[in-house]
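So the chains spell out like this:
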Amino acid sequence: MHPTSAPMSNATRRETLRILALLGMAGIAGTARAASAPGWPDDAFHQKTMPDAVNALYGKPFEASDKVTLDVPEIAENGAVVPVNVGTTLPNVTTISILVPENPFTLAASYKLPDGTLPAIGCRLKMAKTSDVVAIVESDGKLFAATKNVKVTLGGCGG
Amino acid sequence: MPSTIRVRAMASGTQTDVQALIQHPMDSGFVKDSNGVLIPPRHIETVTFEHDGKPVLIADWGPAVSKDPYIKFAFKGGAKGDTLTVTWIDNQGKTDSLEAKIA
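A short tour of the structure in this document, coming up. Computed from a prediction, not measured in an experiment: that's the story for all the values here.

## Looking at the pairing of strand β6 (residues 83-90) of chain B
All names here are of chain B.
Move 1: Among the eight residues that make up β6, six are buried, leaving the element largely enclosed by the rest of the structure.
Move 2: Pairing between strand β3 (residues 44-51) and β6: seven bridges, direction antiparallel. Looking at β6, one finds that T46 is bridged to I89.
Move 3: Judged from the seven bridges that link them, β6 and strand β7 (residues 95-101) form a sheet pairing that is antiparallel. In the sheet register, W88 faces β7, and the bridge partner there is D96.
Move 4: Linking β6 to β7, which pair antiparallel, is a turn of four residues; within it G93 sits at a positive phi near 85°.

Now the structure itself:
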């Protein structure tokens, strides 16, 4: 500060700093929100347990079903690229989600299927270590799941 | 600059099969670089596939989707020559889009 400028009282300076700090935080928060894609379920993707993730994403329970097929390798040598295929014979499928409970964040991917899209999705996921993989299919508004265990010999999260 | 998106859409009978590959680091935020510094998370959040302007798949992804993501799905309808638009946006607000013709 220029020495000849009017000395700012400590109270005023504290107030100014407080306001600047608040503005700074608001700026950061604003940027973070702006960067999130609209409709992306931020909360669900940050849950660390299976029940929390399902609850954040759907808010309702699921049941196991043999009508959901989950195709994953039994052993994945490279956890960085684990092929996952989900399909189902259930009708009126609106979403398909894939969860890996042993990953740092449980929810890996969630797909919205508009009318006319076939209920079958293939993708590749990272797995930090040996874990179950859970596929949840939303059919007629109800949740059905298939679970399979994948043994990972080399983790995919740089660990 | 070449597109980060490669997509192949094939009409076969009553449905169109779609396969797409997107070039993206999909940094999880848990990995350190060679200097031991944590690489900040950078991953695609949403990919939208549109057939003639109507969405046919919306993919919401977390950082657990592999680097250079691959996705495969199919939808009813779609004819040779129709437009399929693929758009992605990541958590840093970066985005890319590609229009492809159904073969």
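## A look at the side chain of T85 of chain B
Residues and elements named next belong to chain B.
Move 1: Residue placement: T85 occurs in strand β6.
Move 2: Owing to a relative accessible area of 12%, T85 belongs among the buried residues under this scheme.
Move 3: With near-sequence residues (within four places) excluded, T85 lies in contact with T48, F49, E50, S97, L98 and E99.

Rules of the game
- Residues numbered from 1 in each chain as written.
- Chains lettered and ligands numbered in written order.
- Predicted model: local features only at pLDDT ≥ 70, side-chain atom pairs only at ≥ 80, totals over all residues.
- Heavy atoms only, no water.
- Buried < 20%, exposed > 50% of the residue type's maximum accessible area, 1.4 Å probe, protein only.
- Helix = DSSP H or I, 4+ residues; strand = E, 2+ residues; numbered from the N terminus.
- Pairing = 2+ DSSP bridges.
- Contact = heavy atoms within 4.5 Å.

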